[in-house]
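What follows is the residue order along each chain.
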Amino acid sequence: MAIHNLSLRALRESYRNGDLEVRALVAELRAQALAQSDYNAWITLLDEAQLEPYLARLDGVSPDSLPLYGVPFAIKDNIDLAGLPTTAACPDFAYTAAESAPVVEALVAAGAIPLGKTNLDQFATGLVGVRSPYGEARNSFNPDYISGGSSAGSAIAAALGQVSFALGTDTAGSGRVPAALNNLIGHKPSKGLLSSRGLVPACRSLDCISLMTLNCEDAARLFDIVARYDSEDSFARANPHYNRARYFHHSASAGIDRRFRFCIPAQLEFCGNPETRALFERSVEQLCALGGEVEAIDFAPFEEAARLLYEGPWVCERALATQAVSRSSMLPVIAEIIAQGDGRTGMETFAAQYRLAALKRRCDQLMAGFDFVLTPTTPTLFSRAELRAEPIAHNATLGRYTNFMNLLDYAATAVPVGFTGCGVPWGVTLFGPAFSDIRLLGFADLLHRDCRLPVGATDLAPVYAAVQRAAAPPAETVDLVVCGAHLEGQPLNWQLTERGGECVARTRSAAAYRLYALSDGVRPGMARDEAQGAAIEVEVWRLPSEAFGSFVAAIPAPLGIGKVEVADGRWLSGFICEAYGLAGATDITEFGGWRAWLQRGASD
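The rules behind the values
- Each chain has its residues counted from 1, running along the sequence as written.
- Restriction of local features to residues with pLDDT of at least 70 applies here, the model being predicted, together with a cutoff of 80 or more for giving and counting side-chain atom pairs; totals for whole chains, interfaces and linings are based on all residues.
- For the side-chain quantities, the full set of heavy atoms in the structure was used; hydrogens and water were omitted.
- We count a stretch as a helix when DSSP gives it H or I for four or more residues in a row; a strand needs E for two or more, and each element gets its number in order from the N terminus.
- One requirement defines pairing of two strands: DSSP has to find at least two bridges between them.
- Inter-axis angles, ranging from 0 to 180 degrees, are taken between N-to-C directions of lines fitted to C-alpha atoms, where helices are fitted over the stretch in contact.
- Contacts between residues were defined by any pair of non-hydrogen atoms, one from each residue, lying within 4.5 Å.
- Small angles under 35 degrees read as roughly parallel and large ones over 145 as roughly antiparallel, with 65 to 115 read as roughly perpendicular and the rest as oblique.
- Crossings are sorted by hand: turned counterclockwise from the far helix by less than a right angle, the near helix makes the crossing left-handed, and turned clockwise it makes it right-handed.
- In this classification, the charged set is Asp, Glu, Lys and Arg, the nonpolar set is Ala, Val, Leu, Ile, Met, Phe, Trp, Tyr, Cys and Pro, and all remaining amino acids, among them Gly, are polar.
- Residues adjacent in sequence count toward polar contacts only when both atoms are side-chain atoms; beyond that, a polar contact is any pair of N or O atoms within 3.5 Å, and within protein one must be able to donate a hydrogen and the other to accept it.
- Stacked, tilted and edge-to-face are the three classes assigned to paired rings of Phe, Tyr and Trp, where Trp is represented by its six-membered ring and a pair needs centres within 6.5 Å; plane angles under 30 degrees give stacked, over 60 edge-to-face, the rest tilted.
- Burial here depends on accessible area, computed with a 1.4 Å probe over protein chains only, as a share of the maximum for the residue type. Under 20% is buried, over 50% is exposed, and the range in between is partly exposed.
- Working definition of a nonpolar core: buried Ala, Val, Leu, Ile, Met, Phe, Trp, Tyr and Cys residues. They are joined through side-chain atoms within 4.5 Å.
- Each residue after the first adds 1.5 Å to the expected span of a helix.

## Remarks on unusual backbone geometry
The linkage connecting Gly149 with the following residue, Ser150, adopts the cis geometry, with an omega of 5 degrees. Its location among the elements puts Ser150 in the loop between β5 (113-118) and α5 (152-159). Residue Pro558 is reached from Ala557 by a cis peptide bond, and omega for that bond is 10 degrees. The backbone of Ala88 shows a phi angle near 50 degrees, a positive value even though the residue is not glycine.

Below you can see the structure in the form of structure tokens.
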């Protein structure tokens with residue numbers, strides 16, 4: 001059968017050029033999925049009649065009119081698609097969804113075509129892909145090995161070239177582990193940015209719908225489409241303006257534009273696997289060659305947080321989510337795991353929450369100052385036979401570097417970096433604070449391109465956009481030049497310190513300004529005069545960007561904020577004075593600064 005490059009950029013070009021037609025492609029991909037049914041990727045494939053409404057809405061439509069025109073995708077079968085059963089891989093639980101999940105609705109509105117619902121570890125409980133009554137999912141490269149889970153079928157379908165991308169879910173690593181083991185990008189978004197309505201919960205307070213794509217650019221483009229605030233989702237959070245796909249290429253071009261800093265665990269575990277250790281070490285070397293500076297950090301607090309997910313009271317959420325289902329309807333291993341929540345007390349729950357808060361504070365401190373943290377996605381990998389021998393212990397091993405992510409409220413991107421001797425791919429994960437999604441995808445793209453891997457489980461070469469310098473996203477802080485009452489020790493300095501400001505430089509302006517004592521006698525005004533200007537004493541204060549607006553709003557006329565040139569040539573936000581405000585003002589430029597003027601006045 002013909003295998004097509006289904007990455008978003010390549011597919012759009014094929015539609016534009018007339019090389020592919022939507023109906024023919026979807027029919028071909030459905031036939032391919034049926035022919036490759038022994039991988040056990042799908043629970044439900046849409047038939048021709050079910051596909052027709054999605055195809056008909058594209059009739060006569062230009063490929064350029066919709067961002068996802070004719071893009072086939074897969075949906076993990078714990079996410080609702082209107083008119084189809086949602087099983088969560090438990091037949092006794094199954095129900096027919098009356099409407100699609102908001103994330104699915106957004107994709108369809110953008111022109112994407114759902115091919116069907118994919119296999120998973122039952123109730124999304126597992127990182128292995130074999131815990132399903134619909135058949136053990138098989139790795140797309142070596143069927144004797146696990147595919148990873150719980151989003152197993154989604155990863156297999158995307159890797160085999162049956163769809164352009166797939167929706168998974170990720171509570172403990174379910175979207176990252178199968179991505180790593182099937183040569184895909186697996187992005188676990190910041191919690192709440194993708195609506196979780198229409199998702200069968202595993203741990204409702206932690207669940208994320210995740211994206212599995214063929215490259216990082218596709219993940220960034222899809223993230224922009226589906227990261228929409230849902231007022232009906234009680235766990236929803238709004239995506240900040242700086243976390244948008246328009247800034248993706250800034251991080252992707254980091255090695256061109258600037259140095260970047262990342263950290264790795266000081267304690268690394270590969271379970272005796274020399275291949276995965278070597279791949280991780282090579283990834284670190286690649287990132288350093290691309291402009292990175294690396295430092296090791298204590299990883300013990302992250303690992304302790306990871307253990308809380310299944311050893312602590314959060315397993316009670318899984319019991320709560322499945323309380324309507326008899327344990328006898330579940331696979332024995334799933335019932336055994338969920339039963340661990342029985343008998344947990346409220347005191348245990350609060351004690352674990354307190355401990356998690358302390359661990360998060362420590363982990364945040366360890367990450368501060370770095371662009372991202374780099375870890376293995378999994379320490380090692382397992383054959384299906386090995387997994388059968390130790391189903392729970394090996395599953396726990398796979399979650400060593402994934403289980404803490406949602407508990408600590410981080411975003412994460414899994415990136416494949418190479419292949420092991422058995423032919424199965426393996427990868428690393430980049431993670432950072434909540435709302436760092438686009439930044440992580442950009443740095444992941446830098447590494448992924450350098451690895452030069454084929455597209456999914458095909459022999460196709462990837463199609464990338466050229467990496468160019470790009471505009472930086474809005475900073476999370478603002479550097480502000482002050483010259484008068486806001487200087488340290490002066491009467492209005494509290495307006496900076498109480499907003500979290502810190503002084504980062506004591507310097508002078510460029511020699512192009514004149515300083516005036518305004519007629520009110522308590523404030524100076526600085527005006528640019530390139531012909532007769534001088535260097536004026538100033539300070540640079542760094543404010544959180546969210547506090548900057550309220551600071552500016554409180555500035556009385558005739559002062560305002562504009563751009564001020566400092567001695568080193570930078571133009572920073574700073575105080576300027578409207579021309580009319582200089583009427584009746586006293587020129588005090590000769591004193592070189594407001595403090596000197598005040599001291600002169602006191603001595604007089």
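## Considerations on the sheet that holds strand β6 (residues 165-169)
Ordered by their spatial adjacency, 11 strands build an open sheet running β1-β5-β2-β6-β8-β7-β12-β13-β11-β9-β10, and the pairing between neighbours is mixed. Each edge of the open sheet is held by one strand with a lone partner, namely β1 (42-45) and β10 (292-297). The mean inter-strand angle of the sheet, taken between neighbouring strand axes irrespective of direction, is 25 degrees. As defined by bridge partners, β1 adjoins β5 across 3 bridges and the pair is classed as antiparallel. Directly across from Thr44, in β5, lies its bridge partner Lys117. Where helix α2 (residues 22-35) meets the sheet, it contacts β1, β2 (72-76) and β5, and its direction lies at approximately 15 degrees from that of β5.

## Overview of the packing of helix α4 (residues 102-109) against helix α7 (residues 216-226)
Two numbers describe how α4 lies on α7: the axes approach to 9 Å, and their chain directions differ by 110 degrees. As far as their axial angle goes, α7 and α4 are roughly perpendicular. Our pair here, α4 against α7, has a crossing hand that is right-handed. For the pair formed by α4 and α7, the contact residues are Val103, Ala106 and Leu107 on the first element and Leu222, Ile225 and Val226 on the second. A breakdown of the residues in the contact of α4 with α7 according to their chemical character gives 6 nonpolar, no polar and no charged.

## Details of the side chain of Asn395
Structurally, Asn395 can be placed in helix α16 (residues 391-398). At 2.7 Å, the side chain of Asn395 and the backbone nitrogen of Leu127 are in polar contact. If we ignore the near neighbours within four places in the chain, the residues touching Asn395 are Gly126, Leu127, Val128, Arg131, Leu387 and Glu390.

## A word on the environment of Gly18
Checked against the element boundaries, Gly18 lands in the loop between α1 (8-17) and α2. For the pair formed by Gly18 and Ile43, sequence separation is 25 residues and the distance between their alpha carbons is 32 Å.

## Overview of the packing of aromatic side chains
This model, assessed by the stated rule, comprises 21 aromatic pairs. With a centroid separation of 5.0 Å and 45 degrees between ring planes, the pair formed by Phe260 and Phe443 is classed as tilted. Here Phe443 lies in helix α17 (residues 437-451) and Phe260 lies in strand β9 (residues 260-265), a separation of 183 residues in the sequence. For Phe443, a relative accessible area of 0% puts it in the buried group. Through successive ring pairs, a cluster of aromatic residues spans Phe299, Phe302, Tyr401, Phe404, Tyr410 and Phe431.

## Things to note about the nonpolar core
Within the largest apolar cluster, 109 residues are counted, with the highest numbers of intra-cluster contacts made by Leu107, Leu167 and Leu374. Per-element accounting of this core gives the leading share, 8 residues, to α17. Grouped together as the second largest cluster of nonpolar side chains are 42 residues, Cys90, Val325, Ile337 and Leu408 included.

## Describing the pairing of strand β16 (residues 513-517)
For β16, a buried count of 5 out of 5 residues is recorded, marking the element as mostly surrounded by other parts of the structure. Every second residue of β16 is oriented toward a common face, with Tyr513, Leu515 and Ala517 on one face and Arg514 and Tyr516 on the other, all of them buried. Pairing of β16 with strand β17 (residues 524-528) involves 5 bridges; the strand directions are antiparallel. Looking across to β17, one finds that Ala517 is bridged to Pro524. Between β16 and the antiparallel strand that follows it, β17, lie 6 residues; Gly521 among them carries a positive phi value of about 80 degrees.

## A look at the sheet that holds β16
Strand order in the open sheet made by the 3 strands is β17-β16-β21, with antiparallel pairing throughout. Edge positions in the sheet fall to β17 and β21 (586-587), since each of these pairs with one other strand and no more. Here β16 runs beside β21; their pairing, made up of 2 bridges, is antiparallel. Opposite Ala517, over in β21, you have Thr586 as the bridge partner.

## A word on α7
Here α7 lies mainly inside the structure; 9 of its 11 residues are buried. Inspection of α7 places Cys216, Glu217, Asp218, Ala219, Ala220, Leu222, Phe223, Ile225 and Val226 among the buried residues, and these make up the whole buried set. Where α7 begins, the capping side chain belongs to Asn215, and its oxygen is found 3.2 Å from the backbone nitrogen of Glu217.

## Points about the side chain of Asn119
Mapped onto the secondary structure, Asn119 falls in the loop between β5 and α5. When its relative accessible area of 0% is taken as the criterion, Asn119 is described as buried. Among the polar contacts listed, one links the side chain of Asn119 to the side chain of Ser132, at a separation of 2.6 Å. Only 2.9 Å separates the side chain of Asn119 from the backbone oxygen of Gly135, close enough to count as a polar contact. Beyond its immediate sequence surroundings of up to four residues, Asn119 is in contact with Asn40, Ala41, Trp42, Ile43, Ser132, Tyr134, Gly135, Ser150, Ser151, Ala152, Gly153 and Ser154.

## Some details on helix α11 (residues 300-311)
For α11, built from 12 residues, the straight-helix expectation of 16 Å at 1.5 Å per residue is met to within 8% by its first-to-last C-alpha distance of 16 Å. Those residues of α11 that are buried are in contact with β10, α12 (315-321), α13 (332-338), α14 (346-367), β12 (410-419) and β13 (425-433).

## Here we look at the packing of α7 against α17
Where α7 meets α17, the closest approach of the two axes is 9 Å, and the angle between their N-to-C directions is 165 degrees. Here α7 lies roughly antiparallel to α17, going by the angle between them. Helix-helix and strand crossings are classified by hand; for α7 and α17 the assignment is left-handed. Counted together, Cys216, Glu217, Ala219, Ala220 and Phe223 of α7 and Asp437, Ile438, Leu441, Ala444 and Asp445 of α17 form the full contact between these two elements. Grouping the constituent residues of the contact of α7 with α17 by class yields 7 nonpolar, no polar and 3 charged.

## A look at the environment of Arg452
Tracing the chain through its elements places Arg452 in the loop between α17 and β14 (477-482). Exposure remark for Arg452: the relative accessible area of 70% places this residue in the exposed category. In sequence terms Arg452 and Pro462 are 10 residues apart; their C-alpha atoms lie 7.9 Å from each other.

## Focus: the environment of Thr118
Structurally, the position occupied by Thr118 is in strand β5. Under the relative-accessibility criterion, Thr118 is labelled buried at 0%. Along the backbone, Thr118 and Gly168 are 50 residues apart, and their C-alpha atoms lie at a distance of 9.0 Å. With near-sequence residues (within four places) excluded, Thr118 lies in contact with Ala41, Trp42, Ile43, Ala74, Ile75, Lys76, Asp77, Gly153 and Ser154. Among the polar contacts listed, one links the side chain of Thr118 to the backbone nitrogen of Lys76, at a separation of 3.4 Å.

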